[in-house]
Amino acid sequence: MSPVTIWLLCGVIGIGLELIVPGLIVVFFGCGAVLTGLCLWLFPTMPIELQLIVFGVISVVSLLVFRKMLKKKFFQKTTNSTDELADEYVGKQAVALSDFENGRGKVEFKGTGWEATSSDEIHTGDTVLIISHESITLQVQKQ
């Protein structure tokens, strides 16, 4: 098997692996291998050391230049899903499951206990209003 074929085969396998190993990284090394194979086809006397340098440079440069741009284009989050998630919590009522100490406590919302923070003095059984959320912690205020 010729070195050109080996580089091209490695490149195709690398690009295909991106479907199995997501993260938008392996594809750039696959492209680097394909381009190295094409360079070797154009310049058949290229020594192996230069082939490895070409592969490394093309792979790393393309990774640094194109990954962020492609990730934004193909994997960007839609604002609608964030708005829907906010609608599910914000403005709804919850019940305090514990007294809030140092601004932290637990509330029950939709049958589930949640960590919560508040600047108000909240006691067990108080009804609170959810004003925002960050990850799995709700920001509440006394009603």
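Coordinates for the structure precede this section.
Residues numbered from 1 in each chain as written. Predicted model: local features only at pLDDT ≥ 70, side-chain atom pairs only at ≥ 80, totals over all residues. Heavy atoms only, no water.

Description of the side chain of Ser118
Along the chain, the position of Ser118 falls in the loop between strand E3 (112-117) and strand E4 (127-134). On the accessibility criterion, Ser118 (8% relative accessible area) is buried. Of the polar contacts made by the side chain of Ser118, one reaches the backbone oxygen of Val140; its length is 2.9 Å. (Helix = DSSP H or I, 4+ residues; strand = E, 2+ residues; numbered from the N terminus. Buried < 20%, exposed > 50% of the residue type's maximum accessible area, 1.4 Å probe, protein only. Polar contact = N/O pair within 3.5 Å; in protein donor to acceptor, adjacent residues only side chain to side chain.)

Section: the environment of Val60
Mapping Val60 onto the fold places it in helix H3 (residues 48-75). A relative accessible area of 38% places Val60 in the partly exposed class.

Considering the packing of helix H2 (residues 26-42) against H3
Here H2 crosses H3 at 140°, and the two axes come no closer than 8 Å. Judged on the interaxial angle alone, H3 and H2 are oblique. The handedness of the crossing between H2 and H3 is right-handed. Judged by residue contacts, Phe28, Phe29, Gly32, Ala33, Leu35, Thr36, Cys39 and Leu40 of H2 engage Gln51, Val54, Phe55, Ile58, Ser59, Ser62, Leu63, Phe66, Arg67 and Leu70 from H3. Residues of the contact of H2 with H3, tallied by class, amount to 12 nonpolar, five polar and one charged. (Axes fitted to C-alpha atoms, helices over the stretch in contact; angles between N-to-C directions. Parallel < 35°, antiparallel > 145°, perpendicular 65-115°, else oblique. Left-handed = near helix turned anticlockwise from the far one by under 90°. Contact = heavy atoms within 4.5 Å. Nonpolar A, V, L, I, M, F, W, Y, C, P; charged D, E, K, R; others polar.)

Notes on the packing of aromatic side chains
One pass over the structure, following the stated rule, counts four aromatic pairs. With a centroid separation of 5.3 Å and an interplanar angle of 40°, the aromatic rings of Trp7 and Phe55 are classed as tilted. Taken as a pair, Trp7 in helix H1 (residues 3-20) and Phe55 in helix H3 lie far apart in primary sequence, 48 residues in all. Look at Phe55 and you get partly exposed, because its relative accessible area is 22%. With 5.7 Å between their ring centres and 35° between their planes, Tyr89 and Phe109 make a pair best called tilted. With Tyr89 in helix H4 (residues 79-89) and Phe109 in strand E2 (residues 104-109), the pair connects residues that are 20 residues apart, well separated along the chain. Phe109 shares its class with Tyr89; the two are buried. Taken together, the ring pairs connect Trp7, Phe29 and Phe55 into an aromatic cluster. (Phe/Tyr/Trp six-rings, centres within 6.5 Å; stacked < 30°, edge-to-face > 60°.)

Overview of unusual backbone geometry
In this structure, Asn102 takes a positive phi of about 55° despite not being glycine. Structurally, Asn102 can be placed in the loop between strand E1 (93-96) and E2. In the Ramachandran plot, Lys110 falls in the positive-phi region, its phi being about 55° despite a non-glycine side chain. Inspection of the secondary structure assignment puts Lys110 in the loop between E2 and E3. Classification of Lys110 as exposed rests on a relative accessible area of 61%.

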